[in-house]
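# A closer look at the structure
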Amino acid sequence: MKKIIVAEKVVKSFGADGQCRKVLDNVSLTVYEGQFISVMGPSGSGKSTLMFCLSGMDKIDSGRVIFDGKVLSDLKEKEFADIRRNEMGFVFQQPTLLKNLNILDNIILSSMKDLNKNKEQIIKKAQKLMKKLGISELEKRDITQASGGQLQRAGICRALMNNPKIIFADEPTGALNSKSAEEIMDIFDNINKEGTTIMLVTHDAKVAARTERILFIKDGKIVSELKLPKYEGKNMEERLEKVTDAMLELGI
Amino acid sequence: MYLKIIRNDITKSKLITVITVLFISAAALLISLGAVLAVNLLGAVDTLMTQGKAPHFLQMHSGDIDLKRLEQFARENDKVDEFQVLEFLNLDGEKIQFEDMTLRDSVQDNGFTIQSKKFDYLIDLEGKVIQPVKGELYVPVSYMKENITKLGETVKICGKEFIVAGFLRDSQMNSSLCLSKRFLISEEDYQEIKNDGNVEYLIEFRLKDLSDLAEFENEYIAAGLESNGPVITYPVFKIINGLSDGIMIALILLVSILVILIAFMCIHFTLLAKIEEDYREIGVMKAIGLYVSDIKKFFLAKYILISAAGCLAGFFLSFFFREPLLYNIRLYMGESPKSHLSLYVAIIGVVFVFYTILTYVKKILNRFKRISPSDAIGFGVSKEKTKYVKYFLLSRSKLPEINLFLGINDVLSKKKLYLTMFMVFVISNFIMIVPQNLHQTVSSKNFIKYMGIGASDIRIDIQQLEDIHAKSMEIIKRIKEDQTIKKYAVFTTKAYRLIHSEGQEEILKVELGDHTLFPIEYAKGHPPMTENEIALSVIKAEELNKNLGDSISLLIDGNEKSFEVCGIYSDVTNGGKTAKANFRDDNTDTMWVIIQLELSDKTLLSEKTQEYAQAFPFAKISGIDAYIGQTFGQLIHSVRIASLVSVGVAAFLSILITLLFMKMLITKDRYAIALMKSLGFNNTDIKFQYLFRSLFVLFISIIIGTILANTLGELMAGAALSYFGASYFKFEINYLKAYLLYPLLLMCCVITGTIIGSLRAGEIEISESIKE
């Protein structure tokens, strides 16, 4: 399998010189293409920071992150922006859409950057994705006229627009009720089956149990890893038990 | 604790704090200067009028005078307190020879007089009544200011030598706006030169009660006394004396208000940015139960310090600027008896600035009331009302650039937020274009048409002579033979009795001739074409309450004749009360003649001017450019300076406000910026979005500003110029400057401001701004 992300001895600290706090402490990790990974850990353990550092949204203090063969810290700002736009997709905990655009415009936003000529195709693609994710009727709505779950779906549509190699999701179900959360996870499952690598951060054992590789992080270090077969809609209870056992063992 | 907070805050935003302090001190400086100058000016004008005992009613008169009849009128009129007739010996400028120059080119009527016995004294710079001895000459103070002569210099007047023994203040003719100047000599000398010039009379009255003035004026006219010349009254002297310094004070106060507004904007933007930055902290403080008034104190403390520092600095600085600005008032009018008051007035002004600023800060801080603790802690950014714009969609946009779309979209969806920036740009554009257009207009040759003078190449004035008619015929004969003259017009001014419908009479000076040859601007109607038509100056038409189509009756050669008012024009000549007609009348005496010439070859101008000046020494021959230069030179110069200064101010203002506004926007938008960066927009994209936002606002502002400049600006400039007598006025526009160069300059400023202001826009850490 092809390596999509390789992290080597990544260190990241926050705070001023005097009161520096190490959030990531020599983390090394490899992510393979097509994997569905989740990161778990208690609050403040560094799980979101790990994801932000792997995606290059946070600068790291030392070590290096290689994305698809390119060392992120060597890239120029513009090259990096191009990678974020064309090869990565992001989904955040709160629905992050621009308030002054309607939902369709929010979804096509990043694709419009260099592809202004193929506008019709882009719009068609967005409409197709919206249909797939069940939010076709929202196309012309203002973002204040949609529910949290609907906005999160719109966010996912936007992340998928440029056919990214990987989707980073920071607690994508954190702000949703359990029904919506389950629907979102179904969507991620489908995307992953189509070949897109997914890495998500979560608190929720149920969410983690649907992924195939679970990284446990504590005090800035990956302390354990749980591997499960790909989720086929079966054995959920068994998978969940394994995850909760691992959590108990680690005191998370 | 406050001190620590303030210190931290100031070190974090040094540049903006310094700029704010500078503007506050400039406002305090200007307000206190304006106050000091106003107090001194009002006092000084009074002093001059009191020391000089200015007449309440002055009738200037040339021609025969019946002193006995005037004396009898004064004796019998119970309103008159004192009465006198002074002589004003009008000399040609070239008969007054200073060491370096003569007054040949002066547009002033220069006259000689002796010290008056009863009132209307000419006083020296110490405020004492001057008593010159033989051989001494006292020169109007404005000639000292213009460096035309100095103390002790020998001056030749009609070939006779005088020594400049001092300078004089004249409560009547002090101001440079007044076109006559009086020199003072001893009685003995006066008798010697009396035959070299023309004597005009100043018929002067002081009344027992000044409030009877209007009534007295009517009685004087009704008595049919000498009235061949303008009438000037006490209130007019007062206004003329205070006008030029008054305009300066008004300008200073106006600018100070502008500066306070800029200070407000600096505070507005920095404070809003600060509130955005500290949004979460404010929410927390509210959540733990601090009163809004307590939280406000943290923010207010800094501004109390900043305003106090600015106001004190401005106040003390005003002591340094005060003296040079007061120099002019002191020189022309002397010391004000109330000058001690000025310190108090200045302090009141500065305290006013201080309180205005703090009130403004408090008003902004009222926003705290609207911050909901839960939102603030939850989101950390204010939930501003932003609506997406239904008519401007990305999916339907035809714009070639997504950043252009996003820039315009942001402005359209947050119109209220961009309003301040829009207004600043409109004002900047306005203050760039209006003074420029005004300058273009007043310096154009056509401008004098608004002043009641037709545009020609050479103007010949024949006045104050015996047998004007014969002398003008002499000149006309020469003109007729002169091949280089393309066209000419002769205007003869005669005085007629105007008969009111109630039977009263007054004198109306009518300029006769063909007024279509060198036309002036008519506010309404057209020049007189037929013998039965008459055109009136705006002031005269208002005074007579006449409009187009109305008729007026004149007594011509003993017969009453009716005229139809065919036109109304603005005029500054002869006190602005004139009339123009085109009929023949050989029987009435001519007061003066003006001949206007247009040359077929303009390069001959100076040659022809000299040629005619030599051939006809009795006439005053001036090239129209020189005439404009001397009459309006000062005005044109001031407008030019004003227009340069306002371009500078507008440029500076637009850079500063753009910069501050961009900094505020970027603090406000950090969440949206982070989001866009996560979607793959690079720093250049983000910067371009900000640039497009400001350029879009600028674009609309330029359109609105230009429209306003040409409508409202024209009205305002017209109102300002009506001080000088031109009531009707239209801009002459330098299209290249007004519509291309200045908008381009403004654009450069805005681009500079945006680039500096959004320098750090891309450097936002995505994770910090977006992470929960």
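Definitions and cut-offs
- Residues numbered from 1 in each chain as written.
- Chains lettered and ligands numbered in written order.
- Predicted model: local features only at pLDDT ≥ 70, side-chain atom pairs only at ≥ 80, totals over all residues.
- Heavy atoms only, no water.
- 1 Å grid on protein atoms, 1.4 Å probe; cavity = no way out; pocket = protein on both sides within 12 Å on 5 of 7 lines; lining within 4 Å.
- Points joined across faces, edges and corners; volume = space filled by probe spheres on them.
- Helix = DSSP H or I, 4+ residues; strand = E, 2+ residues; numbered from the N terminus.
- Nonpolar A, V, L, I, M, F, W, Y, C, P; charged D, E, K, R; others polar.
- Core = buried A, V, L, I, M, F, W, Y, C linked by side-chain atoms within 4.5 Å.
- Buried < 20%, exposed > 50% of the residue type's maximum accessible area, 1.4 Å probe, protein only.
- Contact = heavy atoms within 4.5 Å.
- Patch = residues over 30% accessible without salt bridge, like charges linked within 9 Å, V, L, I, M, F, W, Y side chains within 5 Å.
- Areas by Shrake-Rupley, 256 points an atom, 1.4 Å probe, with all protein chains shown as cover.
- Salt bridge = Lys/Arg side-chain N within 4 Å of Asp/Glu carboxyl O.
- Lys, Arg positive; Asp, Glu negative; His and termini not counted.
- Charge placed at Lys NZ, Arg CZ, Asp CG, Glu CD.
- Pairing = 2+ DSSP bridges.
- Axes fitted to C-alpha atoms, helices over the stretch in contact; angles between N-to-C directions.

### So, empty space enclosed by the protein
Residue and element names in this part refer to chain A. Scanning the entire structure with this criterion turns up 6 cavities of 30 Å³ or more. Estimates place the volume of the largest cavity at around 80 Å³. Among the elements that take part in the lining of the largest cavity, strand 6 (residues 88–91) stands out by supplying 3 residues, more than any other. Split by residue class, the lining of the largest cavity holds 5 nonpolar, 4 polar and 3 charged. Space inside the second largest cavity adds up to approximately 60 Å³. Phe36, Asp189, Asn192, Lys193, Arg210, Thr211, Glu212, Lys230 and Tyr231 are the residues that line the second largest cavity. The dominant element in the lining of the second largest cavity, judged by the number of residues it contributes, is helix 6 (residues 178–193), at 3 residues. Considering only residue class, the lining of the second largest cavity consists of 2 nonpolar, 2 polar and 5 charged.

### Re the nonpolar core
Leu109 and Phe188 of chain A are the most contacted members of the largest nonpolar core, which totals 209 residues. By residue number, the principal contributor to this core is helix 17 (residues 624–668) of chain B, which donates 18 residues. Once you skip the residues sitting within four places of it in the chain, Phe188 of chain A turns out to touch Phe36, Val91, Ile156, Ile167, Ala169, Pro172, Ile198 and Leu200 of chain A.

### Structural notes on a positive patch on the surface
On the surface, Lys363, Arg367, Arg370 and Lys416 of chain B cluster together into a patch of positive charge. Following the sequence through the fold, Arg367 of chain B ends up in the loop between helix 10 (341–365) and helix 11 (373–379).

### A word on the sheet that holds strand 5 (residues 70–71) of chain A
Residue and element names in this part refer to chain A. One open sheet accounts for 4 strands, arranged 2-1-4-5; its pairing is antiparallel. With one partner strand each, in any of the chains shown, strand 2 (21–32) and strand 5 form the two edges of the open sheet. Pairing of strand 1 (residues 3–14) with strand 4 (residues 62–67) involves 5 bridges; the strand directions are antiparallel. Paired with Glu8 across the strands is Arg64, a residue of strand 4. Relative to the sheet, helix 1 (residues 47–54) contacts strand 1, strand 2 and strand 4, its axis offset from that of strand 2 by approximately 60°.

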